[in-house]
Amino acid sequence: MSQQIWDWNYAFAILPLLLEGLGLTLVATVLGSIVAMVLGLVLAVLQRGPRPLAVVVRGFVELVRSTPLLVQIFFLYFVLPQFGIVLSALTVGVIALGVHYACYTSEVYRAGIDAVPRGQWEAATALSLPRSRVWTGVVLPQAVPRVVPALGNYVISMFKEVPLLTAIGLLDVVGRAQEAGDTYFRYVEPYTIAGLLFLLLSYPASLLVRRLERRVGTI
Amino acid sequence: MDNLATFLSVLAQGLPETVGATVGGIALTIVLSFAAGLALLSPSRPVRVISRIYVEGLRGTSEVVQLFWIFFALPVLVGFEIVPIWGGILVLGLNHGAYGAEIVRGAIQSVPRAQYEGALALSLSPAQRMFRVILPQAVVEMIPPFNNLFIQLLKSTSILSFVFISEITRQATQILVPRFNPQVLQIFLLLLLFYLVLSLVITAVMRFLERKAAARLGRGPSERARRAAVTGAV
C-alpha cells in the first residue's frame with residue numbers, strides 16, 4: 001500500500017467542514033467564557049460573604065478545580081436527564097465549560113479583590129456607602145481591570161478544551177476531523193489541520209494577552 | 001447504594017492505568033520541563049529558538065488534538081503503532097512539559113542576580129553555578145507551580161479514555177454507566193472522589209518535597225511560593 005503521506009486535494013476538500021467545526025468551537029468558547037466571567041465574579045464575591053455560604057462556595061470551587069473537566073461534562077450529560085432535564089450537547093458543553101472555568105476565574109477575581117488596598121474599603125465605609133455600592137462603585141472597578149489578562153489566559157485555555165465536547169457528540173473542529181478521518185481512513189490531514197487551526201488562533205491571542213499583561217501589570 | 005462495592009471494584013480496576021499514566025507523565029514532564037526550560041535560557045540562539053517552538057507549539061494546540069494526532073496520524077507517518085499507555089504518557093509529558101518549561105525558566109530567572117555574581121566571583125564553572133547555586137534555590141520556587149501542573153496532568157489522564165485506555169473515567173462511562181444507568185449520580189460522585197483523593201495525594205507529596213527543598217537551603221517556604229500554592233495560579 002503506497003499512498004502519499006499528505007494529500008493536498010483531500011486536505012482542501014475537508015477544510016470547509018473543519019472550518020465549520022471551528023465556528024462551533026468558537027461559539028462554545030464565547031458562550032462558555034461569558035458564563036465563566038459572570039459566575040466567577042459571583043463566586044468570588046460570595047466567598048467574601050457570610051461564613052457558612054463562603055465555606056460551601058469554597059468547597060465547591062475546590063472540588064471542581066481538582067476534578068477533570070471531562071468527567072464534569074459526562075456528569076452533566078448523564079445525570080441531568082435523570083432529573084428530567086434534557087439539553088443539547090452544546091448547552092451541556094457551555095454549562096460545563098462555564099462552571100469549570102468560573103471556579104478558576106473566581107480565584108483570579110479573588111486575587112484582584114484582595115489587591116484592592118484596605119484604605120479603599122475603609123474610605124467607602126467612612127462614607128457610609130451601602131454594601132452594594134462599595135462593591136460596584138469602589139472595589140470592583142479597581143479589581144477587575146487588573147485581572148483582565150489573567151481572564152484572557154483562561155479564555156484561551158477554554159478554547160483548547162472545547163474538543164472534550166466531542167465525547168458527548170458535539171461536532172466541533174476535532175469532531176469534524178474525526179468524522180472525516182473515519183470516513184476516508186486518512187487521519188494525518190484532518191488532525192494536522194485541526195492542530196494548526198488551534199495554533200493559528202491561540203498563539204496570536206496569547207501574544208495579545210502578554211502585551212496586555214505588560215500594560216496593566218500582573219498581580 | 002447496595003452496588004457501591006461493585007462500583008468501587010470496577011473503578012479500582014482502572015486505577016493502575018490512571019496512576020501509571022500520571023506517574024509516567026509526571027516523570028516525562030519533569031525531564032522535558034528542565035531540558036526545555038534550561039534551553040530557553042541558553043546563550044545559543046538556535047537552541048533557544050527550538051525550545052521556544054516546542055513550548056509555543058504544544059501550548060498553542062489542544063491536548064486532545066495532540067492525543068489524536070499521536071494515536072491516529074503518527075502511526076501512518078512512522079509506520080508503527082505505539083502501545084496505548086506509552087502513547088498516553090508521551091502526550092501528557094509533551095504537553096505538560098511545555099508548560100513546565102516556563103515554570104523552570106521563570107524560577108531560574110527569579111533567583112537574585114547577586115547569587116549568580118557571587119558564584120562568578122568564586123570562579124565556579126558554569127555547570128557548578130547552575131547546579132550548586134542557582135538550581136537549588138530555583139527548585140524551591142518551582143514546587144508550588146509544579147504541584148498545580150501535576151494536578152492538571154492527573155486531570156488530563158481522563159482524556160486517555162478517548163483512545164481506549166481503560167483508566168477510571170473509561171471504566172465509569174463504558175462499564176458502569178450502561179449497566180447501572182439509574183445510579184449515574186452515585187457513579188460519577190464516586191469517580192470525582194477518586195480524582196479528588198489522587199489530587200490530594202499529589203499535593204501532600206509536593207508539600208513534603210517543598211519543605212525538604214526549603215530546609216536544604218536553611219529556610220522555610222517562601223512567601224511567594226506559599227501564595228502561589230494558595231491562589232493556585234496555573
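Criteria and thresholds
Residues numbered from 1 in each chain as written. Chains lettered and ligands numbered in written order. Predicted model: local features only at pLDDT ≥ 70, side-chain atom pairs only at ≥ 80, totals over all residues. Heavy atoms only, no water. UniProt positions renumbered as here; feature names shortened; annotations may be inferred. Helix = DSSP H or I, 4+ residues; strand = E, 2+ residues; numbered from the N terminus. Buried < 20%, exposed > 50% of the residue type's maximum accessible area, 1.4 Å probe, protein only. Contact = heavy atoms within 4.5 Å. Areas by Shrake-Rupley, 256 points an atom, 1.4 Å probe, with all protein chains shown as cover. Lys, Arg positive; Asp, Glu negative; His and termini not counted. Charge placed at Lys NZ, Arg CZ, Asp CG, Glu CD.

If you look chain B up in an unreviewed UniProt entry, it shows as Ectoine/hydroxyectoine ABC transporter permease subunit EhuC from Pseudonocardia xinjiangensis. Quoted straight from UniProt, the Sequence similarities (unreviewed entry) entry for chain B says "Belongs to the binding-protein-dependent transport system permease family." Turning to chain B, the UniProt annotation filed under Subcellular location (unreviewed entry) states: "Cell membrane".

Per an unreviewed UniProt entry, chain A goes by Ectoine/hydroxyectoine ABC transporter permease subunit EhuD and derives from Pseudonocardia xinjiangensis. According to its UniProt record, chain A has this under Subcellular location (unreviewed entry): "Cell membrane". In its Sequence similarities (unreviewed entry) section, the UniProt record describing chain A reads: "Belongs to the binding-protein-dependent transport system permease family."

Visitor: Whenever I open this one, the overall build of chain B confuses me. Can you help?
Guide: Counting its regular elements, chain B contains 9 helices and 0 strands. When the helices and strands of chain B are read in sequence order from the N terminus, they spell out α-α-α-α-α-α-α-α-α. On the principal axes, the C-alpha backbone points of chain B span a range of 70 × 45 × 25 Å. Across the 234 residues of chain B, 50% fall into the buried class. When contacts within chain B are restricted to residue pairs at least 6 apart in sequence, those whose partners lie at least 24 apart make up 79%. With the model as given, the accessible surface of chain B reaches about 11000 Å², and the carbon-plus-sulfur share is 67%. Positive and negative side-chain charges in chain B, numbering 19 and 11 respectively, have mean positions lying 10 Å apart.

Visitor: I would appreciate a short explanation of unusual backbone geometry in the present structure.
Guide: Leaving glycine aside, a negative phi is the common case for residues, and trans is the common case for peptide bonds. Its identity is not glycine, yet Ser 128 of chain A carries a phi of approximately 45 degrees, on the positive side. Its location among the elements puts Ser 128 of chain A in the loop between helix 5 (118–126) and helix 6 (131–161). Judged by its relative accessible area of 60%, Ser 128 of chain A is exposed. Look at Phe 164 of chain B: it is not a glycine, yet its phi comes out positive at around 65 degrees. Looking at the secondary structure, you find Phe 164 of chain B in the loop between helix 6 (126–156) and helix 7 (168–179). With relative accessibility at 60%, the residue Phe 164 of chain B sits in the exposed group.

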